[in-house]
Protein chains: 2
Amino acid sequence: MEIKEMMRQEKVKPWLLQARFGIEKESQRVDLQGQLAKTDHPDKLGNRSFHPYIQTDFAETQLELITPVSESVDEVLASLTAVHDVAQRSMPESEMMWPLSMPPALPEKEEDIVIAKLERHEDVLYRRFLAREYGKRKQMVSGIHFNFEYGLDLVNELFHSQTEVTCIEAFKTELYMKIARNFLRYRWLLTYLFGATPLSEAGYFVDEDRPNEPVRSIRTSPFGYVNKPNVKVSYASLDRYSEDLAENVAQGRLSEEKEFYAPIRMRGGKKVADLFHTGIRYVELRNIDLNPFERIGINEEAIKFIHLFMLYLLWTDEKAPADEWVEQGNQINDAVSLEHPYEQTAYLEEGRQLFAEMKQMAAELDLPAAELLGNYQEWLEQPELTLAARLLKADEAEGQAALGRHLGKEYYDEAYARPYQLAGFAEMELSTQSLLFDAIQLGLEFEVMDRSDQFVLLKHGDHKEYVKNANMTSKDTYISPLLMENKTVTKMVLDQAGFRVPAGETFTSIEKAQKAYPRYAKQSFVIKPKSTNYGLGITIFKEGASLEDYMAGLEIAFKEDDSVLIEEFMEGTEYRFFVIDHQVKAVLLRIPANVVGDGKKTIKQLVDAKNQDPLRGTHHRSPLELIQLGDLEKLMLKEQGFTIDSVPAPQQQVFLRENSNISTGGDSIDITDEMHESYKEIAIDAVEALGAEISGIDLIIPDKDKPFKDEKDYGIIEANFNPAMHMHIYPYAGKSRRLTLDVLRLLFPELG
Amino acid sequence: MEIKEMMRQEKVKPWLLQARFGIEKESQRVDLQGQLAKTDHPDKLGNRSFHPYIQTDFAETQLELITPVSESVDEVLASLTAVHDVAQRSMPESEMMWPLSMPPALPEKEEDIVIAKLERHEDVLYRRFLAREYGKRKQMVSGIHFNFEYGLDLVNELFHSQTEVTCIEAFKTELYMKIARNFLRYRWLLTYLFGATPLSEAGYFVDEDRPNEPVRSIRTSPFGYVNKPNVKVSYASLDRYSEDLAENVAQGRLSEEKEFYAPIRMRGGKKVADLFHTGIRYVELRNIDLNPFERIGINEEAIKFIHLFMLYLLWTDEKAPADEWVEQGNQINDAVSLEHPYEQTAYLEEGRQLFAEMKQMAAELDLPAAELLGNYQEWLEQPELTLAARLLKADEAEGQAALGRHLGKEYYDEAYARPYQLAGFAEMELSTQSLLFDAIQLGLEFEVMDRSDQFVLLKHGDHKEYVKNANMTSKDTYISPLLMENKTVTKMVLDQAGFRVPAGETFTSIEKAQKAYPRYAKQSFVIKPKSTNYGLGITIFKEGASLEDYMAGLEIAFKEDDSVLIEEFMEGTEYRFFVIDHQVKAVLLRIPANVVGDGKKTIKQLVDAKNQDPLRGTHHRSPLELIQLGDLEKLMLKEQGFTIDSVPAPQQQVFLRENSNISTGGDSIDITDEMHESYKEIAIDAVEALGAEISGIDLIIPDKDKPFKDEKDYGIIEANFNPAMHMHIYPYAGKSRRLTLDVLRLLFPELG
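On a predicted model such as this, the values are computed, not experimentally measured, just so you know.

To continue, consider the pattern of salt bridges. Residue and element names in this part refer to chain A. Within the structure shown, the criterion is met by 106 salt bridges over all chains. Here Lys704 ties to Asp705 by a salt bridge, and the two come within 3.2 Å at their closest N and O atoms. Several salt bridges share partner residues, and in doing so they unite Lys487, Lys491, Lys528, Glu567 and Glu718 into one network.

Take a look at the structure:
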């Protein structure tokens, strides 16, 4: 059966767009003026010898950002963006990433280009060899390596659509060898569209062997970083390919296999020879220049186009014997790479035919590609739309170096705009974003197993840990959160362990609770549902209650739960203690939504001003919530004799809410260092009594500065099994407590 | 301040009915003919040396059933009933409990009364001493010891209503000493109302020193089991009481303190001398005969009356010096106990006055007692209503021994009627009832922390374990049930660990799922919500689906969850493996609701007959559910060409449902022993990969007898983090698997 027919099969078609992606992207670290950084690789990024996502390439300044293998375009984009966020925010604040493939102006002296200070001596030796063989300057160019694998179901269905090849490994190898040859033949189209290295900066070329005019892509041209011309390798078969490579190494033309800088590499095992057992599993495209107009150097459209291009390479027949076919491609790419960016390409006709055939394929295979192909065909027809042309145009306006600086600064600002977010995962909970940030920074492998469920897998070597909501882990037992979820049970456990908890009772019907009225009528007490975690359904009676108010409070609480607690109300201030691994890592005071007057602004203006804080937002997407001016707030103002247009006196604090929840605009104030140690010990012991490793426990303390003496000095209100972490990490005032790091240290003590 | 005034305080009143109760109840084990049992204390009840609830008293046949300390009347009744259930169902099926205080006919030879075979030699020695001193026969009488403590808040509020006594321990001691004196003075009223030993059986009295006529209470009369007359102890103060006791022991009139058989004992420490440090914490009333008309020997009304009586003893003033006051009481009680049950008591006037004063107290203190007091006052006026009179009347009709037999058999039948229930806790989940049963049987201490939440505390010495839903424990981690709850994540974890799971995808919107239609249209597949556990929202397409049906299936699933899975449908039979502690303890086959024809009965009649099974009920209150004949069942019959009036052929199996859920009338069939070991290993390994200790994992297996060879031989459908246990414990067919015992063994490995 012929490949086109195989791809047209009904069983194959649903899987055609199934694929896996992985991107490696190099970037030079520069200062905010665009000068190559003089610092070492950032300490915060842990150990380069195992870091899966952030490495150094040739030079100490040359970051290599690596995504996990991803099952979709969205996923690979998200990961790459996230790794950028982490890399940027782990660098000194005076540094940014250079957005261009071509390096900024290089030092005059070659020795000022510092080879990456890797731990393994052989890695350093190899780089020294490259420096000697090719010079350091050429190594300073950056680009994207695009790893691509056809989906397993797709390959399987294709395999089962034919009978010639009986072993799936051999089938894959044939498939990918064809792709490689066709890629080499037609790769000029990618060079035309995505080439983005028209010009070099000072110090890249040190002799006259350089282009005289702007070109589409220095990097993928013969002026780029290429092997010597005597290195020839055939792609006719995996055998030939492997033999030729071995021969080149044997003859000393290459120091080792990986010195072979082909625009496409066959991947599967560690070495080429392994491919005979494993089959080729995927390919690595190495000819993509950085798109400087994108923060992460590439965008969704480009990835989707390359994906479609990879399907076309499978679809289309080879039209000449292997070596000849590849050689044609090399020559065309050399030519196209050196064309002037504003010029129509000499291969316009072949380009049109490629687009026509890709459209034809998309139509026959029901691939939704019309718009994408239409757009890029415009680029083919209008060279000024290509990346190289846009870059050249910008250079004419402000100079390439200035462009690099201002784009770099733009991306730098973007990374710092919402420091509590992790780009690519911004719709997850803040605490999970924080955890993922820290995990990437420390060099843990991560996999988001379920975004909407905040389910994450973290790995360090063979050690796996699953985490949900950033704090639900294997370190806690099943029963202890269940115990904390049930406020009645929590109190019983704490009471039996000798802690002071508010006296009270639990009722399962409003009638039974009504009968208890005489026991509470004249004391201060609280009515609350047995198991909610968001402060809903709670009524506080500080000075007793009429039967009517009592019944109203019961009704509110019974709306939230079948069981309701009535408890004594304890006087004092409520503090949240975040306990992890038998240590108090944060203590927080939450105060109700409020503004402080200046004698000039109205309450409304003060609220607006306070809401400008970038930490404030809505729907838990920010560490703090915007202060509202709704009915409840207006009522509260009215009770104090204000309207929203009143002007409070200087330093006058006006409260807009009675409850101190952050979710209703409250302020979070870290007071970890101010809380007396004796209360921290109580918090730790109480959490231990509950059998928990991680808990947010709320204590009422009349005087936090006075050491604990007897049980009247505190009361435990409740313990939370899924305590908010972002309010400690990004408090309104006081020190940030990076609790997600504590979670990671608990899970991976081997990180030290 | 005077006590009445203290009790009338507004701060005190709400707490007046606060109290703690504990009951110890003795019962002779007899065979179903009412002969004293000849067997040893049941093996199943574990070790008597630590069993907190089921002990032996004097004789090997004399069970002592003990409740945990309870905070309410309901609670103490529930516990006592439960302990009865466990005791009865732990005895040989040929034995029951004798419901009367007076023992059944005793053996002629004293040596045939076997002293309890206790482990500790000193315990045996003490019983031998008692046998010598009092004779074995008198020890064979049974009764109730009623432990009573005023609520802590009540005592506290009373304490704070006065200033004379400054230390709360001393205050309590004074309180309880007064109670003790008043109790001794007025206890005759309890003897009158609740005395229930009018007659003895053969072998109890061996000489002529016995009542000639029926009396109200042999047991609490001078013919009962009492100290020698020379043992005199004063209740004037704790000092006097303690000194007198010590003197009696020193003089050899008592072997040790506990040989002092007072109708009330002051409790607090281990010995009387400890009371000086601890204060008297509670009292033990020892003069309550078993009420033979109640399965557990006492009822709610009696407990509530005694409670009220205890408040009255506090309320009422003593009217004579201590020793005289107590002596009066002893004489009156001796007289009343020996009155004929049908006679008006000689102390009717004092009785009337007691009721009048109790009513007065109830009115002044807002205690809801009118009905209760009214009822018991009728007993005072009409002696035939008392227990002794009712018992005598029954004796006249059938003989006391026959009454004991038939009441005993009635209670025996009650204990076996619903073997899957634990009386007293029948509204809890079946699995929790089963767990509590096993815990009590093994002698673990238990506390139900929250009935509606199925939250239980179990203790063995210092070792505590909390359990929810009978399977959520400290042995599982927090993350692993969360992982099982999310079907997408479960599949990813199992897939990555190398297990076969159905291929498929997860969708978060109906639109995205619609686009995947071509991938599923022509294969067999299942649509299901990502995280429900009850089979809701699942649609199976065994032979592909039209777009319309596909969309309908999606809509059903999206009603249950925001995320929906589409998976390949695996051919084969689904089995539930219950895995605990790395072992498969049960394998279950569930088959849809069905009947098997006999050629005579209609389908409706067959359903009715099958529903007679006592294991079938409704709303998960029974291990199996009743088969319904609703619209769904009728439609299913119609599709097979039946109506409910059709008569299936002999042996013809007719299905009434497509789904095999037990909750819709399905049959559970234990096939643990038939399942090939190789699949059990897969289940164990998969649960291990999920990091779980307890899981119910569902495997599809085409042929359970064929050993596992390759991955086509099975598929894992899902793993359940809260797997039903009762369907394994009480299957429709096959062996019972007592999984709750396995849970207890996992939690308390020290039990062996």
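Text resumes after the structure shown.
Next up on the list: the sheet that holds strand 10 (residues 463-468) of chain B. Residues and elements named next belong to chain B. Read from one edge of the open sheet, three strands run 8-9-10, paired in antiparallel fashion. Bordering the open sheet on either side are strand 8 (445-450) and strand 10, each of which pairs with just one other strand. Each strand axis lies, on average, 20° off the axis of its neighbour in the sheet, ignoring direction.

Residues and elements named next belong to chain A. It is at 10 Å that the axes of helix 4 (residues 152-159) and helix 5 (residues 168-186) come closest, and there the two elements cross at 100°. Judged by the angle between their axes, helix 4 and helix 5 are roughly perpendicular. Of the residues in helix 5, those touching helix 4 at Leu152, Val155, Asn156, Leu158 and Phe159 are Ile168, Phe171, Lys172 and Leu175. Its residues placed into classes, the contact of helix 4 with helix 5 shows seven nonpolar, one polar and one charged.

Moving on, we come to the interface of chain B and chain A. Contact with chain B, which involves 34 residues of that partner, is made by 34 residues of chain A. Here chain B meets chain A over a buried area of about 3200 Å², counting both sides, of which 65% is carbon and sulfur. For chain B, the biggest contributors to the area lost against chain A are B:Met449, B:Tyr478 and B:Ile479; these three give 22% of the whole. In this assembly, chain B and chain A are joined by two salt bridges.

With that settled, the discussion passes to the packing of aromatic side chains. The full count for this structure, using the stated rule, is 63 aromatic pairs over all chains. Note on B:Tyr520 and B:Phe525: the rings are 5.7 Å apart at their centroids and 45° apart in plane angle, and the pair reads as tilted. In this arrangement the basic side chain of A:Arg185 is found over the ring face of A:Trp325, its NZ or CZ atom lying 4.9 Å from the centre. The ring of B:Trp15 has A:Arg519 lying over it, and the distance from NZ or CZ to the ring centre is 5.6 Å.

Another point: the side chain of B:Arg185. Residues and elements named next belong to chain B. Mapping Arg185 onto the fold places it in helix 5 (residues 168-186). A polar atom in the side chain of Arg185 sits 2.8 Å from the side chain of Glu350. Those residues in contact with Arg185 that sit more than four places away from it in its chain are Trp325, Gln328, Gly329, Ile332 and Glu350.

Another aspect to go through is helix 12 (residues 370-381) of chain B. Residue and element names in this part refer to chain B. A rise of 1.5 Å per residue sets the reference length of helix 12, with its twelve residues, at 16 Å; its end C-alpha atoms lie 16 Å apart and thus fit the reference within 8%. What helix 12 keeps buried is the set Leu372, Leu373, Tyr376, Gln377, Trp379 and Leu380. For helix 12, the arc enclosing every buried residue in end-on projection is 150°, short of the 170-degree limit, so these residues lie on one face. For helix 12, the exposed residues set more than 90 degrees away from the buried face come down to Ala370 and Glu371. Of the surrounding secondary structure, the elements contacted by the buried residues of helix 12 are helix 6 (188-194), helix 9 (300-315), helix 11 (348-364) and helix 13 (387-398).

Often the size quoted for an interface is simply the accessible area lost on bringing the parts together. Residues and elements named next belong to chain A. Along its sequence, chain A is carved into domain 1 (3-226 + 261-415), domain 2 (420-472), domain 3 (503-568) and domain 4 (573-746). One C-alpha centre belongs to domain 2, the other to domain 4; they are set 25 Å apart. With 19 residues of domain 2 at the contact, the number on the domain 4 side is 19 residues. The largest per-residue losses of area from domain 2 upon contact with domain 4 belong to Tyr420, Leu430 and Asn471, which jointly make up 43% of the total buried on that side. The interface formed by domain 2 and domain 4 holds nine residue pairs in polar contact (both at pLDDT 80 or more) in total. Element by element, the count of residues in the side of domain 2 that touches domain 4 is highest for helix 15 (residues 430-442), at eight residues. A per-class count over the side of domain 2 that touches domain 4 returns twelve nonpolar, five polar and two charged.

Here is what the cut-offs are and how they apply
Residues numbered from 1 in each chain as written. Chains lettered and ligands numbered in written order. Predicted model: local features only at pLDDT ≥ 70, side-chain atom pairs only at ≥ 80, totals over all residues. Heavy atoms only, no water. Salt bridge = Lys/Arg side-chain N within 4 Å of Asp/Glu carboxyl O. Pairing = 2+ DSSP bridges. Helix = DSSP H or I, 4+ residues; strand = E, 2+ residues; numbered from the N terminus. Axes fitted to C-alpha atoms, helices over the stretch in contact; angles between N-to-C directions. Parallel < 35°, antiparallel > 145°, perpendicular 65-115°, else oblique. Contact = heavy atoms within 4.5 Å. Nonpolar A, V, L, I, M, F, W, Y, C, P; charged D, E, K, R; others polar. Buried area = accessible area lost by both parts, 1.4 Å probe. Phe/Tyr/Trp six-rings, centres within 6.5 Å; stacked < 30°, edge-to-face > 60°. Lys NZ or Arg CZ within 6 Å of the ring centre and 35° of its normal. Polar contact = N/O pair within 3.5 Å; in protein donor to acceptor, adjacent residues only side chain to side chain. Expected span 1.5 Å × (residues − 1). Buried < 20%, exposed > 50% of the residue type's maximum accessible area, 1.4 Å probe, protein only. Arc of directions from axis to C-beta. Domains from an automatic or database assignment.

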